[in-house]
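# A closer look at the structure
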Amino acid sequence: MKPQNAISAASIIIRRPTVDPHEGLRRLIENCGSSKHDCAIVFITAAIESGVNTGPAIIALGGELGLNRKHVAIILHGEAGENAELHRWRRDSDEAYSLLP
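Residues numbered from 1 in each chain as written. Predicted model: local features only at pLDDT ≥ 70, side-chain atom pairs only at ≥ 80, totals over all residues. Heavy atoms only, no water.

### A short note on the packing of helix α2 (residues 36–49) against helix α3 (residues 55–64)
Formally: Axis lines are fitted through C-alpha atoms, for helices just across the contact stretch, and the angle between N-to-C directions can take any value from 0 to 180 degrees. Elements are defined by DSSP. Helices are runs of H or I of four residues or more, strands are runs of E of two residues or more, and each kind is numbered from the N terminus. Working rule for angles: under 35 degrees goes down as roughly parallel, over 145 as roughly antiparallel, 65 to 115 as roughly perpendicular, anything else as oblique. Crossings are sorted by hand: turned counterclockwise from the far helix by less than a right angle, the near helix makes the crossing left-handed, and turned clockwise it makes it right-handed. Note on contacts: a residue pair is in contact if any heavy atoms of the two residues lie within 4.5 Å. Three classes are used, and their members are as follows: Ala, Val, Leu, Ile, Met, Phe, Trp, Tyr, Cys and Pro are nonpolar, Asp, Glu, Lys and Arg are charged, and the others, Gly among them, are polar.
Running from N to C, α2 and α3 cross one another at 125°; their axes reach a closest spacing of 10 Å. By the angle class used here, α2 and α3 are oblique. Crossing of α2 over α3 shows right-handed handedness. Contacts between α2 and α3 involve F43, I44 and I48 on the former and, on the latter, I58, L61 and G62. Of the residues contributing to the contact of α2 with α3, the split by class is five nonpolar, one polar and no charged.

If you want it as structure tokens, here you go:
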């Protein structure tokens, strides 16, 4: 059996991520079709699933990815509610959004 060599903390290299953490959302928007409404719904759903779940964060990220912030806000608020037959997500008491079952 070979003895293990000690590892020094000085030899550890921490690399920063080279991929945009929101690249998947960006590609999703690019491939969702020509309907701005559908793109906003798909984006918001994916954002909530990925952990971006507060109104300001969702709206800001949508704008950063090329969506109209006002349109994202309108869809976000308009599709929120407790009835799964009428709504896509809910806004919890802590102001975070979650998808309806």
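### Digging into the environment of A57
By the secondary structure assignment, A57 is in helix α3. Distance in space between the C-alpha atoms of A57 and C32 is 21 Å, their sequence separation being 25 residues.

### Digging into the nonpolar core
Convention followed: Joining through side-chain atoms within 4.5 Å is the link that ties buried Ala, Val, Leu, Ile, Met, Phe, Trp, Tyr and Cys residues into a set, and such a set is a nonpolar core. Whether a residue is buried, partly exposed or exposed follows from its accessible area with a 1.4 Å probe, protein chains only, as a fraction of its type maximum: under 20%, in between, or over 50%, in that order.
Judged by nonpolar contacts, the single largest core of 22 residues is most densely connected at F43, I44, I58, V72, L76 and W89. The element that contributes the greatest number of residues to this core is α2, accounting for eight residues. Discounting residues that sit within four places of it in the chain, F43 has contacts with L25, I29, I58, L61, G62, L65, L67 and V72.

Remember that the coordinates give geometry; whether it matters functionally is a separate question.
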